[in-house]
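Spelled out, the chains give:
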Amino acid sequence: AQLDPAQKRSQTKGRSPRGILAPTFSDTLKIAGSGDSKIFGISSKDRSAVAMAGKTGTAYWYSTDTGDYQSSAYYMDKYPKWVSAWNDQRKAETLSGKQWTLLMEQSRYRFAENDDRAYELDLKGYGRTFPHPFGDAGHPLFFTRVAVSPEGDRLLSDFGQALIKAEDIGQDHVTDYLSISFSGVDSVNHFFGPSSLENEDTVLQLDRTLADLFRFIDEEVGLDKTLIVLSSDHGMAEMPEHANELGYEAGRIYSDEILSLARELSDDIFGSGALVKDFFRPYIYLDGNAIGERGLDKSAVATAIALGLEQVRGIGGAVPNNSLKEAVRNPQSEAIRHNHHEQRSGDIYVFQQPYWYLFDRGSVGVMHGSPWAYDTHVNIIFSGPGIKPAKVDRLVHPIDVAPTLSALLGLSRPAAAQGEVLVEVLRN
């Protein structure tokens, strides 16, 4: 969706992001404020910025092609002057020829020895050990390497500070909303893993980036007028090889192997592997036409293949859609139910055994997305005026944030909100 012929460098490809099905918290705030609330979502990733900005806000995200922050014609016809001015400074390109170095002496890190593990990915010259060179700005992976480092988070914070100042965030009596999704920890974990020296340094440097951002907000708006909520979208598994080193049995099973196994089972049981169309994690998709031509029942085919897959080492479960309602209720089955979409989901949900890797070959070193606790555990932190320090240890969910924010601001909860109000935040 091109913004302006003069801004081709920062245009985004594809159709406008209209996939949000119901009003989000940001949309609710906009409606409640009669359109006066300023709503923004910014991130290193398009999907994070778009989802948090909602239908009525504005989203900006980092381009790994150019180092710019870009948007879509869904939100605007052309960029505000401040966005073009920020992009024209070519801040990411100032890192050309530089490298990611450790914040402290290596011996001070808990994972000081975890800097050259054979199972970490090198990202085509980025290396497995410190320092990690970004290369020259003309390298095809230069802007991606910047994102896979603390520098990507610093660029996002700098863009966020420019936004706060240019858009006059928090300068009147109407509540404004800014979501900033820092993606450094996620991207670094995918290539180096949670127990890597790289991840430890990224967390330390992000802490300082946040401190700098909060200082800026205090100067421009006042922290006494600001509610800060910190959370995440998921956790991350250890690399299977690291789990092995700790004495835990784990391994890797790949998407192409799942597809081959499903087709072999289909061929053995029904005489045709063509009944299985594809595997797109976490779903196996069956070919309804091929099944119908053979006079078979699709549910029976799905059940038979699922039972066979569950006997395979590395597979923790294979759940056909037709059994979702009857499945024993546990955290895994509940996660699968929440993930299911009647029109888009496949026919069999496949997930790995704990700490096993299930994804495509070679693209990343470790992946999230399973229904196990290490992937679903995130913390939620509320900090702001009137909220006293406290630690609450009970099961809560990220979807509880929106109803809690609504309650704090005296708003009706978002139209399709399923979470609960975190009463401990209001009590304080």
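This structure is a prediction, so every number in the text was calculated from the model and none was measured.

Asks: Looking at this structure, how should I read the sheet that holds strand 9 (residues 276–280)?
Replies: Strand pairing within a sheet occurs via backbone hydrogen bonds; the two strands may be parallel or antiparallel. The strand order across the open sheet formed by four strands is 9-10-12-11, and the pairing between neighbours is antiparallel. Strand pairing shows two members of the sheet lacking a second neighbour, strand 9 and strand 11 (315–320), which therefore form its edges. Within the sheet, the average angular offset between the axes of one strand and its neighbour, ignoring direction, is 20°. Alignment of strand 10 (residues 283–286) against strand 12 (residues 348–352), held across two bridges, turns out to be antiparallel. Note on strand 12: the bridge partner recorded for Y283 is Y349. Lying over the sheet, helix 11 (residues 298–309) contacts strand 9, strand 10, strand 11 and strand 12, oriented at roughly 175° with respect to strand 11. Of the strands in this sheet, strand 10, strand 11 and strand 12 touch helix 12 (residues 331–339), which is tilted by about 135° from strand 12.

Asks: What am I meant to see in the layout of surface pockets here?
Replies: If a probe the size of a water molecule is rolled over the atoms, the empty space left behind becomes visible. Here the second largest pocket is characterised by a volume of approximately 220 Å³. Surrounding the second largest pocket, 17 residues form its lining, E310, A318, V319, S323 and A327 being those nearest its centre. Secondary-structure elements contributing two or more residues to the lining of the second largest pocket are helix 11, strand 11 and helix 12. Here the element with the most residues in the lining of the second largest pocket is strand 11; it accounts for four residues. Looking at the lining of the second largest pocket residue by residue, the classes come out as 10 nonpolar, six polar and one charged.

Asks: What's the story with the sheet that holds strand 6 (residues 177–181) in this structure? I'm lost.
Replies: Strand order across the open sheet formed by four strands is 3-2-1-6, with mixed pairing between neighbours. The open sheet has two free edges, formed respectively by strand 3 (69–70) and strand 6, since each of these has just one partner strand. In this structure, strand 2 (residues 58–62) lies alongside strand 3, joined through two bridges in antiparallel fashion. Looking at the pairing, Y62 lines up with Y69 of strand 3. Across the face of the sheet, helix 5 (residues 150–166) comes into contact with strand 1 (39–43), strand 2, strand 3 and strand 6 while running at roughly 160° to strand 1.

Asks: Whenever I open this one, the environment of E93 confuses me. Can you help?
Replies: By the element assignment, E93 lies in the loop between helix 3 (81–88) and strand 4 (99–100). As for E93 and D68, which are separated by 25 residues in sequence, their C-alpha atoms are 9.8 Å apart.

Asks: Mind showing me how you'd approach the side chain of T202 here?
Replies: With respect to the helices and strands, the residue T202 is situated in helix 7 (residues 197–220). Contacts of T202, omitting those with residues within four sequence positions, involve W100, P150, G184, V185 and V188.

Asks: I'm lost on the pairing of strand 2 in this one. Help?
Replies: Consecutive side chains of a regular strand alternate in pointing toward one face of the sheet and then the other. A large share of strand 2 lies buried, amounting to five of its five residues. Neither face of strand 2 is open: one carries T58, Y60 and Y62, the other A59 and W61, and all of them are buried. Pairing analysis gives four bridges linking strand 1 to strand 2, with the strands arranged parallel. By the bridge assignment for strand 2, G41 is matched with A59. The handedness of the strand 1 to strand 2 crossover, carried by helix 2 (residues 46–53), is right-handed.

Asks: It is not clear to me how the pattern of salt bridges should be interpreted in this structure. Could you clarify?
Replies: Working definition: two side chains of opposite charge can pair if their charged atoms are close together. Summed over all chains, the structure comprises 18 salt bridges. For the salt bridge of D68 with R90, the shortest nitrogen-to-oxygen distance reads 2.4 Å. Taken together, the residues span a long stretch of sequence, with D68 in the loop between strand 2 and strand 3 and R90 in the loop between helix 3 and strand 4 at a distance of 22 residues. Summarising the burial analysis for this pair, D68 and R90 share the class buried. With a shortest N-O distance of 3.1 Å, D256 and R361 are connected by a salt bridge. Remark: R361 occurs in the loop between strand 13 (357–359) and helix 13 (373–376) and D256 occurs in helix 9 (residues 255–270); sequence separation between them is 105 residues. Residue classification places R361 among the partly exposed residues on the basis of a relative accessible area of 48%. Each of D68, R90 and E93 takes part in salt bridges that share partners, so that together they form one network.

Procedures and definitions
Residues numbered from 1 in each chain as written. Predicted model: local features only at pLDDT ≥ 70, side-chain atom pairs only at ≥ 80, totals over all residues. Heavy atoms only, no water. Pairing = 2+ DSSP bridges. Helix = DSSP H or I, 4+ residues; strand = E, 2+ residues; numbered from the N terminus. Axes fitted to C-alpha atoms, helices over the stretch in contact; angles between N-to-C directions. Contact = heavy atoms within 4.5 Å. 1 Å grid on protein atoms, 1.4 Å probe; cavity = no way out; pocket = protein on both sides within 12 Å on 5 of 7 lines; lining within 4 Å. Points joined across faces, edges and corners; volume = space filled by probe spheres on them. Nonpolar A, V, L, I, M, F, W, Y, C, P; charged D, E, K, R; others polar. Buried < 20%, exposed > 50% of the residue type's maximum accessible area, 1.4 Å probe, protein only. Right-handed = clockwise from strand over helix to strand, strands pointing away. Salt bridge = Lys/Arg side-chain N within 4 Å of Asp/Glu carboxyl O.

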